[in-house]
Amino acid sequence: MKQSATTEIRPGNAQQPIGSGFDAFSTAQDVIRGIDLTGKTIIVTGGYAGIGLETARTFAEAGAHVIVPARDLAKATRNVAGIPNTTVESLDLMDPASIDSFTQKFLQTGRPLDILVNNAGIMWVPLQRDARGYESQLSTNHLGHFQLAARLWPALKQAGAARVISVSSFGHHIAPFDFADPNFEHREYQTLAGYGQSKTANNLFAVELDRRGKAFGVRAFSLHPGSVNGTDLGRVAPMELFQQMGTHDASGNIYPEVARKLKTIPQGAATTVWCATNPQLAVGRCILRKHRCGRDRQ
């Protein structure tokens, strides 16, 4: 098998391969092999579609109890049907009251939280704002997950060796975080800039949470899953955008040469599963994974 490009980022040093034994072709089933999650409790936001669904299924089949928070309860219940050890709960990441309600219900169970996977995300949306006036991609992709992790902090500490995984993106290269105007109140709205800064925020959050959490046994990681075919991430983007990018033909079909460069959903979920479960990351910080295409998930 080709040498892994999984890397560890160490302060003041360039990224260095750590020899995970996996590569861009590895699947979630490959990386979970030999790992028993019996007795573990895991929350996967967006765990009912795309790589999130594959992630949740992989954890559940390895013995974990998986909670899938969802805004669309009907869709989530339908998609996870048949997956063992999995429950669906109501959660809207753009609604602070909904996050508080979800986390309060979980904390009342008294259970530790072993793994939190901040997987849910939106992309290529027109300018929308939540009830507080925050731009929707920032609100969903970062702020909602930030609040979720903060409210679940007692359960993460209780686990003793918890991990918080942020599914970021190569899209963080698109835009830094604009601390002066994060909600596009004084600049022209560009949807990819909004997405990019939300992914930059995911990375910054992981680095700081890891720094603060280590003393309590909580580690944090951020990842780019690669460019993945067949997810819901671009569901609201007009086909004209994909055609302008050169990925789809006039009939809306993806070009075969483009499709060949994209990961499958099981391959796309592999990095998340590896970050969440592999013992090599007991000493790591943020990790990135080699992918087969420079574009973001499709």
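You'll find the structure just up there.
Just so we're clear, the structure is a prediction, and the values are computed from it rather than from any experiment.

Colleague: Before we go on, may I ask you to explain helix α4 (residues 96-107) in this structure?
Modeller: Because each turn of an α-helix spans 3.6 residues, side chains separated by three or four positions end up pointing in the same direction. Given a rise of 1.5 Å per residue, 12 residues ought to cover 16 Å, and the 16 Å separating the end C-alpha atoms of α4 matches this to within 8%. Listed in full, the buried residues belonging to α4 are Ser98, Ile99, Phe102, Thr103 and Phe106. Each buried residue of α4 sits inside an arc of 125 degrees when the element is viewed along its axis, so together they form one side. Turned more than 90 degrees away from the buried face of α4 sit Ala97 and Gln104, all of them exposed. The inward-facing, buried residues of α4 abut β3 (41-44), β4 (65-70), β5 (86-90), α5 (136-151) and α6 (153-159).

Colleague: Just checking my understanding: could you explain the packing of α5 against helix α7 (residues 191-213) for this structure?
Modeller: Packed helices, taken two at a time, are described by the angle between their axes plus the distance between the axes. Interaxial distance between α5 and α7 falls to 7 Å at its minimum, and their mutual angle equals 20 degrees. The pairing of α5 with α7 is recorded here as roughly parallel in orientation. For the element pair α5 and α7, the recorded crossing hand is left-handed. Between α5, through Gln137, Leu138, Asn141, His142, Phe146 and Ala149, and α7, the contact on the second element is made entirely by Thr191, Gly194, Tyr195, Gln197, Ser198, Lys199, Ala201, Asn202 and Phe205. Looking at the contact of α5 with α7 residue by residue, the classes come out as 6 nonpolar, 8 polar and 1 charged.

Colleague: Just checking my understanding: could you explain the pairing of β3 for this structure?
Modeller: Where a strand is regular, its side chains alternate between the two sheet faces. With burial as the criterion, each face of β3 is covered, one bearing Thr41 and Ile43 and the other bearing Ile42 and Val44. Bridging between β3 and β4 involves 3 bridges; their strand directions are parallel. Bridging from a neighbouring strand, threonine 41 pairs with histidine 65 of β4. For the handedness criterion, the β-α-β arrangement of β3, helix α2 (residues 50-61) and β4 is classed as right-handed. Relative to strand β6 (residues 115-118), β3 runs parallel, the two being bridged by 3 bridges. In the strand pairing of β6, isoleucine 43 is matched with leucine 116.

Colleague: Teacher, can you tell me more about the sheet that holds β5 here?
Modeller: Within a sheet, each strand pairs with its neighbour through backbone hydrogen bonds, oriented either parallel or antiparallel. One open sheet accounts for 6 strands, arranged β5-β4-β3-β6-β7-β8; its pairing is parallel. Sheet topology places β5 and β8 (218-223) at the edges, where each strand pairs with a single neighbour. Taken over all neighbouring pairs, the strand axes of this sheet differ in orientation by 15 degrees on average, direction set aside. Against the sheet, α2 contacts β3, β4, β5, β6 and β7 (162-167), and its axis sits at roughly 170 degrees relative to β3. Sitting on the sheet, helix α3 (residues 73-80) is in contact with β4 and β5, with an inclination near 175 degrees to β5.

Colleague: Teacher, can you tell me more about the packing of aromatic side chains here?
Modeller: What characterises a pair of aromatic rings is the spacing of the ring centres plus the angle enclosed by the ring planes. For the coordinates displayed, the defined rule picks out 4 aromatic pairs. Between phenylalanine 146 and phenylalanine 205, the ring centres sit 5.4 Å apart and the planes meet at 55 degrees, which makes this aromatic pair tilted. Of this pair, phenylalanine 146 sits in helix α5 while phenylalanine 205 sits in helix α7, and the two are 59 residues apart along the sequence. For phenylalanine 205, a relative accessible area of 12% corresponds to the buried category. With a centroid separation of 4.7 Å and 55 degrees between ring planes, the pair formed by phenylalanine 177 and phenylalanine 179 is classed as tilted. You can call phenylalanine 177 buried: its relative accessible area is 19%. The ring of phenylalanine 216 carries lysine 157 above its face, with NZ or CZ at 5.2 Å from the centroid. If you follow arginine 187 out to its NZ or CZ, it ends over the ring of phenylalanine 184, 3.7 Å from the centre.

Colleague: So what exactly am I meant to see when it comes to the pairing of β6 here?
Modeller: Of the two faces of β6, the one carrying Ile115 and Val117 and the one carrying Leu116 and Asn118 are both buried. Alignment of β6 against β7, held across 4 bridges, turns out to be parallel. Residue pairing across strands places asparagine 118 opposite serine 166, the latter belonging to β7.

Colleague: Mind showing me how you'd approach unusual backbone geometry here?
Modeller: The phi angle of most residues is negative, glycine excepted, and most peptide bonds adopt the trans form. The backbone of tryptophan 124 shows a phi angle near 60 degrees, a positive value even though the residue is not glycine. Here tryptophan 124 shows up in the loop between β6 and α5. Positive phi outside glycine occurs at phenylalanine 184, with the angle close to 55 degrees. Of note, phenylalanine 184 is situated in the loop between β7 and α7. For phenylalanine 184, a relative accessible area of 5% gives the class buried.

Colleague: What should I look at first to understand the nonpolar core in this one?
Modeller: Inside soluble globular proteins, nonpolar side chains tend to come together where they are buried. Counting residues in each nonpolar core, the largest one holds 36 residues, and the members touching the most others are Phe59, Val66 and Ile165. In terms of nonpolar packing, the next biggest core, distinct from the first, is built from 21 residues, Phe102, Phe106, Ala120 and Leu148 among them.

Colleague: Explanation requested: the pattern of salt bridges in the structure shown.
Modeller: Should their charged atoms come close, side chains of opposite charge can pair. For the structure shown, the criterion picks out 12 salt bridges. The salt bridge involving aspartate 30 is made with arginine 33; its shortest N-O contact spans 3.5 Å. Look at arginine 33 and you get exposed, because its relative accessible area is 59%. Across the pair arginine 219 and aspartate 210 runs a salt bridge whose closest N-O atoms are separated by 2.8 Å. Grouping residues by exposure puts arginine 219 and aspartate 210 together as buried. Within the structure, one salt-bridge network assembled from shared partners comprises Asp178, Asp181 and Arg187.

Cut-off values and rules
- Sequence order as written defines residue numbering, which begins from 1 separately in each chain.
- Residue-level local features of this predicted model are given only where pLDDT is at least 70; pairs of side-chain atoms are given and counted only at 80 or more, and the full residue set underlies all totals for whole chains, interfaces and linings.
- Note: side-chain values were computed over all heavy atoms of the structure, leaving out hydrogens and water.
- Numbering goes from the N terminus for both helices and strands, where a helix is a DSSP run of H or I of at least four residues and a strand is a run of E of at least two.
- To estimate how far a helix should extend, the number of its residues minus one is multiplied by 1.5 Å.
- Any residue under 20% of the maximum accessible area for its type is buried, any over 50% is exposed, and the rest in between are partly exposed; the area is computed with a 1.4 Å probe on protein chains only.
- Note: the arc covers the axis-to-C-beta directions of the helix.
- Pairs of residues are marked as contacts when any of their non-hydrogen atoms sit within 4.5 Å.
- Every angle, taken between N-to-C directions, lies between 0 and 180 degrees, and every axis is a line fitted to C-alpha atoms, over only the stretch in contact when it is a helix.
- Note on terminology: angles under 35 degrees are roughly parallel, angles over 145 are roughly antiparallel, angles of 65 to 115 are roughly perpendicular, and the others are oblique.
- Crossings are classed by handedness, with left-handed meaning an anticlockwise turn of the near helix from the far one by less than a right angle and right-handed meaning a clockwise turn.
- Three classes are used, and their members are as follows: Ala, Val, Leu, Ile, Met, Phe, Trp, Tyr, Cys and Pro are nonpolar, Asp, Glu, Lys and Arg are charged, and the others, Gly among them, are polar.
- At least two bridges found by DSSP between two strands are what make those strands a pair.
- For crossovers, right-handed means that the path from the first strand over the helix to the second runs clockwise, given strands pointing away from the viewer.
- Each pair of aromatic rings taken from Phe, Tyr and Trp, with Trp reduced to its six-membered ring, is defined by centres within 6.5 Å and is described as stacked if the planes are under 30 degrees apart, edge-to-face if over 60, and tilted in the remaining cases.
- The criterion is that NZ of a Lys, or CZ of an Arg, lies within 6 Å of the ring centre and within 35 degrees of the ring normal, and then a charge sits over that ring.
- The criterion is simple. A nonpolar core is a set of buried Ala, Val, Leu, Ile, Met, Phe, Trp, Tyr and Cys residues joined through side-chain atoms within 4.5 Å.
- The working definition used for a salt bridge is a side-chain nitrogen of Lys or Arg within 4 Å of a carboxyl oxygen of Asp or Glu.

Don't take any of this as a statement about function, it's just geometry.
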